[in-house]
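Given next are the chains, with one letter for each unit.
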Amino acid sequence: MSISLPSDVSSEGWRIDHILHVTHWAVVLLSIITLVWLGISLVRDRKHRDATFTHGTSRREKAIPLALAAFVFFCVDGYLLVRSHSDLSASILRANDMLGKEGVVRVQIGARQWAWDIRYPGADDHFDTSDDFYTVSELVVPVGRPVVFELGSSDVIHSLYLPNFRIKQDAIPGRVLRGWFQAEKLGRFDIACAQHCGVHHYQMGGTVRVVSEDEFAAWRAAMSRDGARMHAEDARAQAAESGYQLVVEDGWPEAAPSRAWAWPWGRSVQSAGGAP
Amino acid sequence: MSSRPSWIRRYIFSTDHKIVGLQFLWAGLIFLLVGGLLAMVMRWQWAHPGEPVPWVGELLFSESNGAVTPASYTGLFTSHGLMMVFFAVTPILIGAFGNYVIPLLIGARDMAFPRLNMLSFWVTLGAQCLALASILMPEAPSSGWTMYAPLTSHYDSVPGHGQELMMLAIFLVGVAGIMGAVNYITTVLTHRAKGMNMMRMPLSVWGLFLTAILNALFIPVLAIAALLLLLDRVYGTHFFEPAVGDPILYQHLFWLFGHPEVYILILPVWGILSDLFSYFSRKPAYWYRGSVYAMMAICGLSGLVYGHHLYQTGLGPMLGTAFEALTLAISGPAVVLFVNWLCTLWRGAIRYELPMLFALGTLVVFAGGGLTGLYLGPITADIYMHDTLWVVGHFHLIMSAATLMGSFAAIYYWYPKMFGRMMHERAGQLHFAGTLVFAILTFGGMLVAGYEGQGRRLFDPFQYEFIVHLKSVNQYTTYAAFGMGLFQIIFAINFIGSLFWGTRAAENPWGAPSLEWSTSSPPPTENFSEEPIVCNGPHELGNPAVREALGKDWIGQSEVMP
Ligand code: HEM
Ligand SMILES: [Cu+2]
Ligand SMILES: [Cu+2]
């Protein structure tokens, strides 16, 4: 049995894997130091009848814990801090910049109990036009192109979790957070909800379907014609089959809100991490 | 002067800190059992999803033929988490040891406010009963122990009135906690025996004292958060509603309490470990002041790092980085404390008696908890790790494995003081080995599943395809948890049996210098026949001058060098 992260199929996931792997090395090193140190004491010192008397207050003695603390603080913590900070500013928080990129795909993801409503801008690349279309819990993206998502919720807090893309972002009612990823491999991958959002939290799954650029273009063209309604019906049929509660209503996007506050589309957008 | 107080005054509504301490101990242990059983049911569900739970299933889930349902699962993890944190571990570590130990260790006759102390216990017991009632309601609390808004503020997401009862219980236990905290702080500041200056207090007292300060500072924050949430839920106010209020505000309040809470639970253990390592390696605690300052530094930081629970809520980059830096900075003082322990053991004359075994076990699982936390500090790593079982495994290593093994160390250590008898050695060793091994397997199993991506709070994790292959890991973990549970039976038998059949304890069975061992076991009502006058530090062990003069390797805190 080997313990491993889920396969990484994103362009930026390596950053997270890297920092986890560096942490492994730090942890292995610190564990070895501790275990050897402790082990020697436990084996050797039990034979002693008398302990070596010291309060550990001389300068040299105090230097031992201080030096180790400094080592952990500057070398281990320092590296983690600098590294994660540079990953954030170089890439992970760059959703706004991605918007300007050639060929970027934009989606809006609205979480609700217990499904993910996904809106595409249609062929014209603009939201709030007549060719917008919707899918439920299926995120179709082309390989090799940045996908910028705007994430909100219409009821409680959920959390969009794409394990294979190393993405996790809370979906918070009343806020819209922006994030991005880029798929590097074709295939189907899981969407999960990471925040307890009620009884069916464990079923708030979905699929990311990564397709070729051509296939994506064809799919998008078909969907913006009449796909929205078709898809909603599919989802309804699926829900009826599986027997768990998936509320799919007519009249997108005004449907769905079961609560007093509004559907998140069209509110001011924050980048995940809050950059303006 | 007066006539002897009645039996009820002495043993039930007693103001004697020792009786109150024991009452807290019993109450806490019983709820530990409740919380533990809930955990076992959850684990069953992950090993055999949808299958009837053996023995208790029919009783608990009769409508579903004894199987856990999605709704009852949400009730299980919520009740388990809250029971353990507020109604089991807090009463044991802070209520029981705080009460029993603080006055004895500083040479006081009782707490500063004995009546408040008694009240604190009775309010806690009331809260415990309320909490028990809440989980027996047809709809148990199901918000998760964090009770996030707006999930918790709406009956359609978190149905039933169990939730309100539980919130009330938490509010009450908070009130009791504040009473206790005020009492401990005052007692330590004003009731120390002559000569017992702050830097002569055993580190156990320092740990409990600092915990009390954190309690006094941060429980009120929880109380406010819970109160506002209750208003939102019951009266439809909008403190945490989107658009008019802010759901994230709740998280700031909750974690401003919630993160210090982790230190509230672990500080007493740190203090106790620091003393036990000294006593059982027959050496002074290494760099006493260093340990005190390290604990103070961690207390100071504890309120400033809570933001790491909010990394995924869209904290601004500036705020996120600040919280990240402060979080990582905690490892500084933590390393000092930890290395001081290792240095205390180094070249000691180590004695593997029961308290020492458990103290060493605590050290190991605590190290595991600290190291696994390193993966959660950096914002980027936390993007992946957040809300997975990795987090659950990590905090159980500290909040469960370390606090429980630390409590066991303390129980085995002070049992002779409390009851005048020793606990059975062989049975204790078995209990130790089983607990340590199975705790590591149980929480290690959670870490493995979490590293591979398994999310937390999932009734049936295997609904998600990427988790399906983790079923066998989950099964092994479940069996390990059952093993850990079974070994606690040995403890229960030993604890109760030794009350009657334990060998009589020697006057100072561990050769420890602190004041509680200079009086009888159990101590008389006002603890000391005459007020002790302290002339030595708490860790005068292995001093050659003492050995020369007294022919033993330690000198009591109130013992005068000839
Ligand atoms: C005795 C062994 C224990 C076992 C086997 C155990 C097991 C578990 C399990 C399976 C969960 C559910 C995780 C999930 O649904 O994702 C859980 C949650 C939790 N446990 Fe434990 N636990 C134990 C002891 C403790 C102790 C002593 C504490 C307290 C200090 C504690 C505090 C918690 C908390 C706070 C949660 C989170 C609840 C939530 O998600 O709302 N546990 N535990
Ligand atoms: Cu959800
Ligand atoms: Cu969820």
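Quick notes on the rules
Residues numbered from 1 in each chain as written. Chains lettered and ligands numbered in written order. Predicted model: local features only at pLDDT ≥ 70, side-chain atom pairs only at ≥ 80, totals over all residues. Heavy atoms only, no water. Helix = DSSP H or I, 4+ residues; strand = E, 2+ residues; numbered from the N terminus. Rg over C-alpha atoms; globule rule 2.2 N^0.38 Å. Contact = heavy atoms within 4.5 Å. Areas by Shrake-Rupley, 256 points an atom, 1.4 Å probe, with all protein chains shown as cover. Lys, Arg positive; Asp, Glu negative; His and termini not counted. Charge placed at Lys NZ, Arg CZ, Asp CG, Glu CD. Buried area = accessible area lost by both parts, 1.4 Å probe. Salt bridge = Lys/Arg side-chain N within 4 Å of Asp/Glu carboxyl O. Polar contact = N/O pair within 3.5 Å; in protein donor to acceptor, adjacent residues only side chain to side chain. 1 Å grid on protein atoms, 1.4 Å probe; cavity = no way out; pocket = protein on both sides within 12 Å on 5 of 7 lines; lining within 4 Å. Points joined across faces, edges and corners; volume = space filled by probe spheres on them. Nonpolar A, V, L, I, M, F, W, Y, C, P; charged D, E, K, R; others polar. Donors = N, O, S within 2.8 Å, 3.2 Å for Na, K, Ca; no water. Tetrahedral: all angles 85-135°; square planar, octahedral: opposite > 155°, others 65-115°. Buried < 20%, exposed > 50% of the residue type's maximum accessible area, 1.4 Å probe, protein only. Near = heavy atom within 4 Å. Phe/Tyr/Trp six-rings, centres within 6.5 Å; stacked < 30°, edge-to-face > 60°. Patch = residues over 30% accessible without salt bridge, like charges linked within 9 Å, V, L, I, M, F, W, Y side chains within 5 Å. pLDDT = per-residue confidence, 0-100. Axes fitted to C-alpha atoms, helices over the stretch in contact; angles between N-to-C directions. Parallel < 35°, antiparallel > 145°, perpendicular 65-115°, else oblique. Pairing = 2+ DSSP bridges.

Draft legend 1. Looking closely at the overall build of chain B. Of the regular secondary structure elements, chain B holds 18 helices and 0 strands. In terms of C-alpha radius of gyration, chain B reaches 23 Å, essentially the compact-globule figure of 24 Å for 562 residues. If you take every contact in chain B between residues at least 6 apart in sequence, the share linking residues at least 24 apart comes to 79%. When the accessible area of chain B is evaluated, it comes to approximately 18700 Å², of which 69% is carbon and sulfur surface. Looking at chain B, you have 25 positive and 30 negative side-chain charges, and the mean spots of the two groups are 15 Å apart.

Draft legend 2. Molecular detail of the interface of chain A and chain B. Contacts between the two partners involve 91 residues from chain A and, on the opposite side, 92 residues from chain B. When the buried surface of chain A facing chain B is broken down by residue, K168(A), H196(A) and Y202(A) rank first, second and third, together holding 10% of it. Viewed at the interface, chain B and chain A are joined by 2 salt bridges. Scanning the region where chain A abuts chain B turns up 28 residue pairs in polar contact (both at pLDDT 80 or more).

Draft legend 3. Structural context of the layout of surface pockets. Residue and element names in this part refer to chain B. Computed from the structure, the second largest pocket encloses a volume of approximately 840 Å³. Contributing to the lining of the second largest pocket are 26 residues, with R10, S14, D16, I19 and T525 lying nearest its centre. Within the residue set of the lining of the second largest pocket, elements represented by two or more residues are α1 (7–12), α2 (17–47), α5 (114–136) and α14 (389–419). Element by element, the count of residues in the lining of the second largest pocket is highest for α2, at 5 residues. For the lining of the second largest pocket, a count of residues per class yields 13 nonpolar, 4 polar and 9 charged.

Draft legend 4. Spotlight on the coordination of the iron atom of ligand 1. All names here are of chain B. Within the first shell, the iron atom of ligand 1 binds the protein through H80 (NE2) and H396 (NE2), at distances of 1.9 to 2.0 Å. What the 6 donor atoms of the iron atom of ligand 1 show is an angle range of 88 to 179 degrees at the metal, which sorts the shape as octahedral. Of this pair, H80 sits in helix α4 (residues 70–106) while H396 sits in helix α14, placing them 316 residues apart in sequence. The class for H80 is buried, based on a relative accessible area of 11%. With a relative accessible area of 14%, H396 lands in the buried category.

Draft legend 5. Focus on the coordination of the copper ion (ligand 3). Residue and element names in this part refer to chain A. The copper ion (ligand 3) binds to the protein through C193 (SG), Q195 (O), C197 (SG) and H201 (ND1); the donor distances cover 2.0 to 2.3 Å. Geometry at the copper ion (ligand 3) is tetrahedral, judged from its 4 donor atoms and the angles of 94 to 121 degrees they form at the metal. Every donor residue of the copper ion (ligand 3) comes from the same chain, spaced as C-x1-Q-x1-C-x3-H. The distance between the copper ion (ligand 3) and the copper ion (ligand 2) comes to 2.6 Å, and C193 binds to both of them. In this pair, the class of Q195 matches that of H201, namely buried.

Draft legend 6. Expanded view of the site of ligand 1. Residues and elements named next belong to chain B. Near ligand 1 you find 25 residues, and of these Y73, H80, W145, H396 and R457 are the closest. A distance of 2.7 Å separates an oxygen atom of ligand 1 from a polar backbone atom of W145. Between H396 and ligand 1, the recorded distance is 2.7 Å, taken from a side-chain N or O atom to a nitrogen atom. Elements with a contribution of two residues or more to the shell around ligand 1: α2, α4, α14, α15 (425–451) and α17 (471–501). Looking at which element gives the most residues to the shell around ligand 1, the answer is α4, with 7 residues. Class assignment for the residues of the shell around ligand 1 results in 17 nonpolar, 5 polar and 3 charged.

Draft legend 7. Spotlight on the packing of aromatic side chains. Residues and elements named next belong to chain B. For the structure on display, the rule yields 58 aromatic pairs over all chains. A ring pair is formed by W145 and W255, whose centres lie 6.1 Å apart and whose planes are at 85 degrees; its orientation type is edge-to-face. Of this pair, W145 sits in the loop between α5 and α6 (162–190) while W255 sits in helix α8 (residues 247–280), and the two are 110 residues apart along the sequence. The class of W145 is buried, set by a relative accessible area of 10%.

Draft legend 8. Geometry of the environment of L249(B). All names here are of chain B. For L249, the location among the structural elements is in helix α8. Residue classification places L249 among the partly exposed positions, given a relative accessible area of 38%. Counting along the chain gives 125 residues from L249 to T124, while the straight-line C-alpha distance between them is 28 Å.

Draft legend 9. How the structure looks around a nonpolar patch on the surface. A contiguous nonpolar patch, built from W25(A), V28(A), I32(A), V36(A) and I40(A) and spanning about 500 Å² of accessible area, is present on the exposed surface. When its relative accessible area of 36% is taken as the criterion, I40(A) is described as partly exposed.

Draft legend 10. Examining empty space enclosed by the protein more closely. Enumeration according to the criterion identifies 7 cavities of 30 Å³ or more in this entry. Empty space within the largest cavity amounts to approximately 1200 Å³.

Draft legend 11. Quick look at the confidence of the model for chain B. Residues and elements named next belong to chain B. Across chain B, the average pLDDT comes to 93, with 99% of residues at 70 or higher. Across chain B, the secondary-structure element scoring lowest on mean pLDDT is α1, at 78, and the one scoring highest is α15, at 97. Interface confidence in the predicted complex, given as ipTM, is 0.92; pTM for the same model is 0.92.

Draft legend 12. Representation of the packing of helix α10 (residues 317–329) of chain B against helix α11 (residues 331–345) of chain B in the model. Residue and element names in this part refer to chain B. Interhelical geometry of α10 versus α11 gives an angle of 5 degrees and a closest axis separation of 5 Å. In terms of orientation, α10 lies roughly parallel with respect to α11. From α10, T327, L328 and A329 reach across to α11, where they touch S331, G332 and P333. Its residues assigned to classes, the contact of α10 with α11 comprises 3 nonpolar, 3 polar and no charged.

Draft legend 13. Up close: the environment of G428(B). One can find G428(B) in helix α15. Spatially, the C-alpha atoms of G428(B) and Y412(B) are 8.3 Å apart, while their sequence positions differ by 16 residues.

Draft legend 14. Up close: the environment of M423(B). Residue and element names in this part refer to chain B. Along the chain, M423 turns up in the loop between α14 and α15. The exposure class assigned to M423 is buried, which follows from its relative accessible area of 9%. Counting along the chain gives 418 residues from M423 to P5, while the straight-line C-alpha distance between them is 31 Å. The residues contacting M423, other than those within four sequence positions of it, are I411, Y412, Y415, F491, N494, F495 and S498.

Draft legend 15. Just the pairing of strand β9 (residues 187–193) of chain A, in detail. Residues and elements named next belong to chain A. Counting buried positions over the 7 residues of β9 gives 5, a clear majority of the element. In the sheet, strand β6 (residues 158–162) pairs with β9 via 2 bridges, with the strands oriented antiparallel. Bridge pairing links Y161 to A192 in β9. Where β9 and strand β10 (residues 206–211) come together, 5 bridges link them in antiparallel fashion. Each residue of the ladder has a partner; that of G187, found in β10, is V210.

Draft legend 16. A look at the side chain of D382(B). Following the sequence through the fold, D382(B) ends up in helix α13 (residues 379–385). The side chain of D382(B) sits in the buried core without any salt bridge; K168(A) is the nearest counter-charge, 7.1 Å away. Within the structure, the side chain of D382(B) is placed 3.1 Å from the side chain of Q312(B), a separation counted as a polar contact. Apart from residues lying up to four places away in sequence, D382(B) is in contact with H308(B), Y311(B), Q312(B), Y375(B) and L376(B).

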